[in-house]
Amino acid sequence: EPEVTQTPSHQVTQMGQEVILRCVPISNHLYFYWYRQILGQKVEFLVSFYNNEISEKSEIFDDQFSVERPDGSNFTLKIRSTKLEDSAMYFCASHRGVMDNEQFFGPGTRLTVL
Amino acid sequence: QKEVEQDPGPLSVPEGAIVSLNCTYSNSAFQYFMWYRQYSRKGPELLMYTYSSGNKEDGRFTAQVDKSSKYISLFIRDSQPSDSATYLCAMGGNNRLAFGKGNQVVVIP
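Bear in mind that the values here come from a model prediction, so they are computed numbers and not experimental data. (Residues numbered from 1 in each chain as written. Chains lettered and ligands numbered in written order. Predicted model: local features only at pLDDT ≥ 70, side-chain atom pairs only at ≥ 80, totals over all residues. Heavy atoms only, no water.)

Q: For the overall build of chain B, give the residues involved together with the corresponding values.
A: Counting its secondary structure elements, chain B contains 0 helices and 11 strands. Counting helices and strands in the order they occur from the N terminus, chain B gives β-β-β-β-β-β-β-β-β-β-β. Expected size for 109 residues packed as a compact globule is a radius of gyration near 13 Å; at 13 Å, chain B falls within 12% of this value. For chain B, the spread of C-alpha atoms along the principal axes amounts to about 40 × 30 × 20 Å. Buried residues in chain B amount to 44% of all 109 residues. (Helix = DSSP H or I, 4+ residues; strand = E, 2+ residues; numbered from the N terminus. Rg over C-alpha atoms; globule rule 2.2 N^0.38 Å. Buried < 20%, exposed > 50% of the residue type's maximum accessible area, 1.4 Å probe, protein only.)

Q: Requested: an account of the pattern of salt bridges, with residues and values cited.
A: Evaluation of the coordinates by the stated rule reveals 7 salt bridges over all chains. A:Arg36 is paired through a salt bridge with A:Glu44; the nearest N and O atoms lie 3.1 Å apart. Given the relative accessible area of 10%, A:Arg36 is considered buried. Its relative accessible area of 22% is what places A:Glu44 among the partly exposed residues. The salt bridge involving A:Asp100 is made with A:Arg96; its shortest N-O contact spans 2.7 Å. Salt bridges linked by common partners bring A:Glu56, B:Glu3 and B:Arg96 together as one network. (Salt bridge = Lys/Arg side-chain N within 4 Å of Asp/Glu carboxyl O.)

Q: Mind laying out the nonpolar core, listing which residues take part and the relevant values?
A: Ranked by internal contacts, the top residues of the largest apolar core, which has 25 residues, are B:Trp35, B:Ile72, B:Leu74, B:Tyr87 and B:Met91. For this core, the secondary-structure elements that each account for two or more residues are β3 (19-25), β4 (32-38), β5 (45-50), β7 (61-66), β8 (71-76), β9 (85-94) and β11 (103-108) of chain B. Those residues in contact with B:Ile72 that lie beyond four places of it in its chain are B:Leu21, B:Asn22, B:Cys23, B:Tyr25, B:Phe33, B:Met34, B:Trp35, B:Gln64, B:Val65, B:Cys89 and B:Met91. Counting residues in each nonpolar core, the second largest holds 22 residues, with A:Cys23, A:Leu46, A:Val47 and A:Cys92 among its members. (Core = buried A, V, L, I, M, F, W, Y, C linked by side-chain atoms within 4.5 Å. Contact = heavy atoms within 4.5 Å.)

Q: Give me the lowdown on unusual backbone geometry, citing residues and values where you can.
A: Residues and elements named next belong to chain A. The omega torsion across Thr-7 and Pro-8 is -10°, close enough to zero to call that bond cis. Following the sequence through the fold, Pro-8 ends up in the loop between β1 (5-7) and β2 (10-13). In this model, Asn-51 sits at a positive phi of 55°, which is unusual for a non-glycine residue. Within the fold, Asn-51 resides in the loop between β5 (44-50) and β6 (53-57). Within the chain, Asn-52 stands out as a residue other than glycine whose phi angle is a positive 65°.

Q: Please provide a residue-by-residue account of the interface of chain A and chain B, values included.
A: Of the residues lining the interface, 21 residues belong to chain A; the matching set on chain B comes to 19 residues. Contact between chain A and chain B buries roughly 1,700 Å² in total, counting both sides, with carbon and sulfur atoms accounting for 54%. Considering only the surface of chain A that becomes buried against chain B, A:Lys42, A:Asn101 and A:Phe105 emerge as the three largest contributors, covering 29% of it. Summed over the shared surface of chain A and chain B, the number is 1 salt bridge. One salt bridge connects A:Glu56 with B:Arg96, and the closest N-O pair in it is separated by 3.4 Å. (Buried area = accessible area lost by both parts, 1.4 Å probe.)

Q: Requested: an account of the packing of aromatic side chains, with residues and values cited.
A: Within this structure, the stated rule accounts for 17 aromatic pairs over all chains. Between the aromatic rings of A:Tyr35 and B:Phe99, the centroid separation amounts to 5.9 Å while the plane-to-plane angle is 85°, which identifies the pairing as edge-to-face. Here A:Tyr35 is found in strand β4 (residues 31-37), whereas its partner B:Phe99 is found in strand β10 (residues 96-99) on a different chain. Across the pair, exposure class does not vary: A:Tyr35 and B:Phe99 are buried alike. On the numbers, 5.8 Å between centres and 85° between planes, the contact of A:Phe105 with B:Phe99 is edge-to-face. In this pair, A:Phe105 is assigned in strand β10 (residues 104-105) and B:Phe99 in strand β10, connecting two distinct chains. The class of A:Phe105 is buried, set by a relative accessible area of 10%. Residue classification places B:Phe99 among the buried residues on the basis of a relative accessible area of 2%. Among the aromatic residues, ring-to-ring pairing joins A:Tyr33, A:Tyr35, A:Phe45, A:Phe91, A:Phe105, B:Tyr36 and B:Phe99 into one connected group. (Phe/Tyr/Trp six-rings, centres within 6.5 Å; stacked < 30°, edge-to-face > 60°.)

Below, the structure is given as structure tokens:
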């Protein structure tokens, strides 16, 4: 069964460093998302992406964040200058189309900022 | 008022019992409703998806949506120890999903 994959599973970085989190959505899906979940809190929407551009972003997704689909399979989230409060699980999700909007999530990347 | 409210209290039930979970929401723009299961430090796994008021069954799981009351429920019949997990409600309407805080369910053998 096709699934969303994410790498790395765990990333440790120093405050102020740049990180890139990688996702491979399900191959015939067209809509892509990033969410985050701070330990013990709810899953929060960051950004949605369709047709090579951002469709919607939350107030969390400030200028330090960017997303990219550099090729036909990968979808990345970059955090330019990490802060302690960026420590969280980051989930990528995808769905097929506007009438087929069941979002499937990847296993997540645990980001630890020291 | 929070967009999605899910009482996060843990729930312990004996094996075989019915588990009942619910969420309320305030945003009338939500058009579709999901329940996810999440194990510790893992990604949410889609369990149920509905977009209309009424009931939807899938094996031991029943999802119920009442749009007029802005209330959704998940029922798990004949609960098993393997059902022990955190259950998240999620709602969508315009690209993004809004999640509840989740209920930790423990099914005791």
